[in-house]
Amino acid sequence: MDNPTPWAEAIHRLFRSHGVSVVSHVPDAGHQRLIELCQTDAAIRTVTLTTEEEGIALAAGAYLGGARAALLIQSSGVGNCINMLSLPHVCRMPLVMLVTMRGEWGEFNPWQVPMGSSTPAVLEASGVTLFRVDTAADVAATVDGAMSLAWQSRRRVAVLLSQRLLGAKRFTTESR
Amino acid sequence: MTADSNRPDGGTDRSHGAPRPTLPRRDVVRRLLTDRGSLIVVTGLGASAYDVAAAGDAPLDFPLWGAMGGAAMVGLGLALTQPSHPVVVVTGDGEMLMGLGSLATIGVERPANLRIVVLDNERFGETGNQRTHTASGVDLAAAARACGIADARTIDTIDEVERLRADLHDSTGPLLAVIKIGADPEPKALPPRDGPFLAHRLRSALLGQARGLEA
């Protein structure tokens, strides 16, 4: 099978170079390759969550413990995070979220559209700085800069990996 | 069959049947934190945070003032990244119920240095003493065991509290203790609530002043 997300390796290399040692995730097809790379990396503790907001609190604890964390979620889970985002916001903690987008370009499941459409507004209203990537060539530079902003300026950042980038076709026989 | 007979307690209200739990929460927390050494303490919002503050606010404390349901996961993040420190989450039954899924996540990760202490008065004490699910028999210790936290206990005597105090330091695996406490209100004892101050204070205590300021 060809690799549908060739940029996953680039993000994993950035995790290594930025010293990310805790990665948490919910099940997600778009992040599948990146999750596998993290799970097989002894330098990264990869934590599977039951719901996305657990990852916000986990990242806060990891920051308090002196580590860098990243959270891999899907746009449908962004709404679950709203109140928990108050924790890194009010404590001025760094937070890195990589969000695979659903409910946009080529979406076949109408239930994904509402949260996909409101994801940017929800994140910005919650104090998260947004970056969006539409092409594979832009993934590494965008994630690199977003993570630098998060650590160096202690900001909450989210990189939205667009459905155009992920390829809507690969989802047409899958549900979340 | 009545609807109530489907409830875990068969529809009886323990507050009108079996005696209500009565361990004094301030005394319990003070005992648990006596000679606390290197214990890191994360609290849930509300009365649990006040109990820990009343025992003596400390640099290794991180009281939450919001983020309800997140205390155990903040504790997990600290436990995974500070394995040489015992990390104690002190929270209430309502806060733990809101983050029930985190027990499953912790049961999978099983950090040896994480302890969760649930101060269970079977009430939402901050908001008018409404009954929580534990008042109807929902058993948080059993839930924790079912999630893979093998050492999960329910405590209602001071002797057991003293044993728990030792286990907070010496246990070699994750544990969860539900302590049945009285529902009488205590005077407020407020910990600091400035987020950057609390975060920097804890990071500096763990990592040193210079690294504490750097992400």
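Use the structure listed above.
A brief structural summary.

What counts as what
- Residues numbered from 1 in each chain as written.
- Chains lettered and ligands numbered in written order.
- Predicted model: local features only at pLDDT ≥ 70, side-chain atom pairs only at ≥ 80, totals over all residues.
- Heavy atoms only, no water.
- Helix = DSSP H or I, 4+ residues; strand = E, 2+ residues; numbered from the N terminus.
- Rg over C-alpha atoms; globule rule 2.2 N^0.38 Å.
- Buried < 20%, exposed > 50% of the residue type's maximum accessible area, 1.4 Å probe, protein only.
- Areas by Shrake-Rupley, 256 points an atom, 1.4 Å probe, with all protein chains shown as cover.
- Lys, Arg positive; Asp, Glu negative; His and termini not counted.
- Charge placed at Lys NZ, Arg CZ, Asp CG, Glu CD.
- Axes fitted to C-alpha atoms, helices over the stretch in contact; angles between N-to-C directions.
- Parallel < 35°, antiparallel > 145°, perpendicular 65-115°, else oblique.
- Left-handed = near helix turned anticlockwise from the far one by under 90°.
- Contact = heavy atoms within 4.5 Å.
- 1 Å grid on protein atoms, 1.4 Å probe; cavity = no way out; pocket = protein on both sides within 12 Å on 5 of 7 lines; lining within 4 Å.
- Points joined across faces, edges and corners; volume = space filled by probe spheres on them.
- Nonpolar A, V, L, I, M, F, W, Y, C, P; charged D, E, K, R; others polar.
- Buried area = accessible area lost by both parts, 1.4 Å probe.
- Salt bridge = Lys/Arg side-chain N within 4 Å of Asp/Glu carboxyl O.
- Polar contact = N/O pair within 3.5 Å; in protein donor to acceptor, adjacent residues only side chain to side chain.
- Pairing = 2+ DSSP bridges.

1. As for the overall build of chain A
The number of helices and strands found in chain A is seven helices and six strands. Helices and strands in chain A line up, N terminus first, as α-β-α-β-α-β-α-β-α-β-α-β-α. A compact globule built from 176 residues would reach a C-alpha radius of gyration of about 16 Å, and chain A, at 15 Å, matches this within 12%. With respect to the three principal axes, the spread of C-alpha positions in chain A is 40 × 35 × 30 Å. Here chain A, with 176 residues, has 59% of them falling under the buried criterion. Carbon and sulfur atoms provide 53% of the accessible area of chain A, an area that totals close to 6900 Å². Of the charged side chains in chain A, 15 are positive and 15 negative; the average position of the first set lies 6 Å away from that of the second.

2. Let's talk about the packing of helix 1 (residues 25-32) of chain B against helix 2 (residues 47-54) of chain B
Residues and elements named next belong to chain B. At a closest axis distance of 9 Å, the pairing of helix 1 and helix 2 adopts a crossing angle of 55°. As judged from the angle between their axes, helix 1 and helix 2 are oblique. In the packing of helix 1 onto helix 2, the handedness of the crossing is right-handed. The residues of helix 2 that touch helix 1, namely those facing Arg25, Arg26 and Val29, are Ala47, Ser48, Tyr50, Asp51, Val52 and Ala54.

3. Quick notes on empty space enclosed by the protein
Applying the stated criterion to the full structure yields one cavity of 30 Å³ or more. Taken as a whole, the largest cavity encloses approximately 60 Å³ of empty space. As for the largest cavity, its lining consists of Ala59, Tyr63, Ala67, Arg68, Ala69, Pro94, Leu95, Val96 and Trp151 of chain A together with Ala215 of chain B. Within the residue set of the lining of the largest cavity, elements represented by two or more residues are helix 3 (52-64), strand 3 (68-74) and strand 4 (95-100) of chain A. Considering only residue class, the lining of the largest cavity consists of nine nonpolar, no polar and one charged.

4. A few points about the interface of chain A and chain B
Opposite the 29 residues of chain A that make contact, chain B presents 29 residues. Between chain A and chain B, a total of about 2300 Å² is buried, with carbon and sulfur atoms accounting for 65% of that surface. A salt bridge links Arg45 of chain A to Glu109 of chain B; the shortest N-O distance between them is 2.9 Å. Taken together, the connections running from chain A to chain B amount to six residue pairs in polar contact (both at pLDDT 80 or more). For the side of chain A that touches chain B, the secondary-structure elements that each account for two or more residues are strand 2 (45-48), helix 3 and helix 4 (86-90) of chain A. The element contributing the most residues to the side of chain A that touches chain B is helix 3 of chain A, with seven residues. The residue inventory of the side of chain A that touches chain B, partitioned by class, reads 16 nonpolar, eight polar and five charged.

5. Description of the packing of helix 1 (residues 8-18) of chain A against helix 6 (residues 139-153) of chain A
All names here are of chain A. Where helix 1 contacts helix 6, the axes come no closer than 9 Å and their chain directions differ by 30°. Relative to helix 6, the element helix 1 lies roughly parallel. Where helix 1 crosses over helix 6, the handedness of that crossing is right-handed. Contacts from Ala10, Ile11, Leu14, Phe15 and His18 in helix 1 reach Val139, Ala140, Val143, Asp144, Met147, Ser148 and Trp151 in helix 6.

6. Observations regarding the pattern of salt bridges
This structure, assessed with the given rule, holds 17 salt bridges over all chains. Taken together, the shared-partner salt bridges connect Glu9, Arg33 and Glu36 of chain A into one network.

7. With respect to the sheet that holds strand 1 (residues 40-43) of chain B
Residues and elements named next belong to chain B. An order of 2-1-3-4-8-7 is seen for the six strands of this open sheet, with the pairing classed as parallel. Each having just a single partner strand, strand 2 (61-63) and strand 7 (151-155) make up the two edges of the open sheet. Neighbour-to-neighbour, the strand axes of the sheet open up by a mean angle of 15°, direction not taken into account. Judged from the four bridges that link them, strand 1 and strand 3 (residues 87-92) form a sheet pairing that is parallel. From the neighbouring strand, Ile40 faces strand 3, where its bridge partner is Val87.

8. What to know about the environment of Pro111 of chain B
Residues and elements named next belong to chain B. Summarising the element assignment, Pro111 is placed in the loop between helix 5 (100-109) and strand 4 (114-120). Spatially, the C-alpha atoms of Pro111 and Leu175 are 9.4 Å apart, while their sequence positions differ by 64 residues. Discounting chain neighbours no more than four positions away, the residues touching Pro111 are Leu76, Ala79, Leu80, Ile106, Gly173 and Pro174.

9. Focus on helix 1 of chain A
Turning to helix 1 of chain A, its buried residues are Ala8, Ala10, Ile11, His12, Leu14, Phe15 and His18 of chain A. Structurally, helix 1 of chain A contributes buried residues whose contacts are with strand 1 (20-25), helix 2 (32-39), strand 3, strand 4 and helix 6 of chain A.

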